[in-house]
Amino acid sequence: MSDGGLDDLFSFRDEPVEEPAEPVVKRRSTGLWILRNVLLIVAATAVTVAALRAANIHISVLLIIAFFVGLRLVLFAVSEVAPPSQPKRRSPGAGSGRSQGDSLRAAVRRWERSLDRAHSDADLYARNVLPALAELADERLRLRHGITRAADPRRARELLGDPLWAALHDRGRHTAKASELETYVTALERL
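Values in this document were obtained by computation on a predicted structure and should not be read as measured data.

Visitor: Lay out the packing of helix H5 (residues 122–145) against helix H6 (residues 153–160) in plain terms, naming residues and giving numbers.
Guide: Put simply, H5 and H6 touch, their axes get as near as 11 Å, and they point 100 degrees apart. Our classification of the angle between H5 and H6 gives roughly perpendicular. Here Ala137, Leu141 and His145 of H5 come into contact with H6, specifically with Arg155, Ala156, Leu159 and Leu160.

Structure representation (structure tokens):
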């Protein structure tokens with residue numbers, strides 16, 4: 001394992017993908033297969049008839065045998081159906097012209113772009129960043145302390161701290177500086 005940090009974790013490399021080997025199908029003896037199924041049906045029928053007779057229920061033995069034969073045929077048919085083939089992995093850059101990176105990296109990039117744009121656009125900051133911070137704060141409060149901001153505002157304010165509390169409740173606020181955002185994230189992590 002590499003100790004290169006986040007750059008190694010999020011870097012995109014073409015890693016070889018091992019194709020799974022086709023399973024080798026063993027052919028069984030037809031006579032042995034039939035004998036095994038007949039014994040299975042006889043055993044299931046005997047147990048079922050005994051259980052029904054113990055409960056004082058009388059059903060035709062032929063009906064029970066027909067049920068188990070039908071069940072075995074359905075199970076056999078299901079086992080013969082091949083599973084759907086695995087989709088082939090497309091090579092990076094094929095198709096849409098964009099690389100096929102992982103979704104975590106894409107989400108981080110979206111957040112970076114959104115935060116960069118939010119520094120200059122107060123409306124975008126209030127519309128995108130603050131609701132996400134509020135949702136994260138409520139989720140952390142709920143998971144760690146069993147409360148939300150709406151359920152117990154006094155306790156939530158103590159746990160979040162005044163800077164984050166003020167940012168989440170002052171909707172007409174201008175955009176936050178990078179140092180303020182860092183303070184908010186630190187407060188969320190501290191929860």
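That was the structure; now back to the text.
Visitor: Account for the packing of H5 against helix H8 (residues 178–190), naming residues and giving values.
Guide: The N-to-C vectors of H5 and H8 enclose an angle of 20 degrees; their axes lie 10 Å apart at closest approach. On the basis of the axis angle, H5 is roughly parallel to H8. For the element pair H5 and H8, the recorded crossing hand is left-handed. Across the interface between the two elements, Tyr125, Val129, Leu133, Leu136, Ala137 and Arg140 from H5 touch Leu181, Tyr184, Leu188 and Glu189 from H8.

Visitor: Tell me what's going on with the pattern of salt bridges, and back it up with residues and numbers.
Guide: Two side chains with opposite charge may pair up if their charged atoms get near one another. Under the defined criterion, the tally for this structure stands at five salt bridges. Where glutamate 158 meets arginine 154, a salt bridge forms, and the shortest distance between an N and an O atom there is 2.7 Å. Linking glutamate 158 with arginine 154, this pair stays in helix H6, spanning four residues, or about one helical turn. Between arginine 155 and glutamate 158 there is a salt bridge, and its shortest N-O distance comes to 3.7 Å. In this pair, arginine 155 and glutamate 158 are both assigned in helix H6, three residues apart and thus about one turn of the helix distant.

Visitor: Talk me through a positive patch on the surface; I want residue IDs and the actual numbers.
Guide: Together, Arg109, Arg110, Arg113 and Arg117 make up a positively charged patch on the protein surface. One can find arginine 109 in helix H4 (residues 103–118). Since its relative accessible area comes to 38%, arginine 109 is described here as partly exposed.

Visitor: Kindly report on the side chain of arginine 149, identifying the contributing residues and their values.
Guide: Along the chain, the position of arginine 149 falls in the loop between H5 and H6. In this structure arginine 149 touches Ala134, Asp138, Leu141, Ala156, Leu160, Trp165, Leu168 and His169, once residues within four positions along its chain are discounted.

Visitor: Requested: an account of the nonpolar core, with residues and values cited.
Guide: Tyr125, Leu133, Leu141, Leu160, Leu164, Leu168 and Tyr184 are the most contacted members of the largest nonpolar core, which has 21 residues in total. Mapped by element, the contributors of at least two residues to this core are H5, H6, helix H7 (162–169) and H8. Take this core: its biggest share by element is seven residues, from H5. Every residue in contact with leucine 168, bar those within four places of it in the chain, is listed here: Leu130, Leu133, Ala134, Ala137, Arg149 and Leu160. The next biggest cluster of nonpolar side chains, apart from the first, holds five residues, and it includes Ile41, Val49, Leu52 and Ile64.

Visitor: Tell me about H7, and please be specific about residues and values.
Guide: Taken together, the buried positions of H7 are occupied by Leu164, Trp165, Ala167 and Leu168. Here the buried residues of H7 occupy an arc of 165 degrees about the axis, which is enough to place them on one side. Each element contacted by the buried residues of H7 is listed here: H5, H6 and H8.

Each value, and the rule that gives it
- Residues numbered from 1 in each chain as written.
- Predicted model: local features only at pLDDT ≥ 70, side-chain atom pairs only at ≥ 80, totals over all residues.
- Heavy atoms only, no water.
- Axes fitted to C-alpha atoms, helices over the stretch in contact; angles between N-to-C directions.
- Helix = DSSP H or I, 4+ residues; strand = E, 2+ residues; numbered from the N terminus.
- Parallel < 35°, antiparallel > 145°, perpendicular 65-115°, else oblique.
- Contact = heavy atoms within 4.5 Å.
- Left-handed = near helix turned anticlockwise from the far one by under 90°.
- Salt bridge = Lys/Arg side-chain N within 4 Å of Asp/Glu carboxyl O.
- Patch = residues over 30% accessible without salt bridge, like charges linked within 9 Å, V, L, I, M, F, W, Y side chains within 5 Å.
- Areas by Shrake-Rupley, 256 points an atom, 1.4 Å probe, with all protein chains shown as cover.
- Lys, Arg positive; Asp, Glu negative; His and termini not counted.
- Charge placed at Lys NZ, Arg CZ, Asp CG, Glu CD.
- Buried < 20%, exposed > 50% of the residue type's maximum accessible area, 1.4 Å probe, protein only.
- Core = buried A, V, L, I, M, F, W, Y, C linked by side-chain atoms within 4.5 Å.
- Arc of directions from axis to C-beta.

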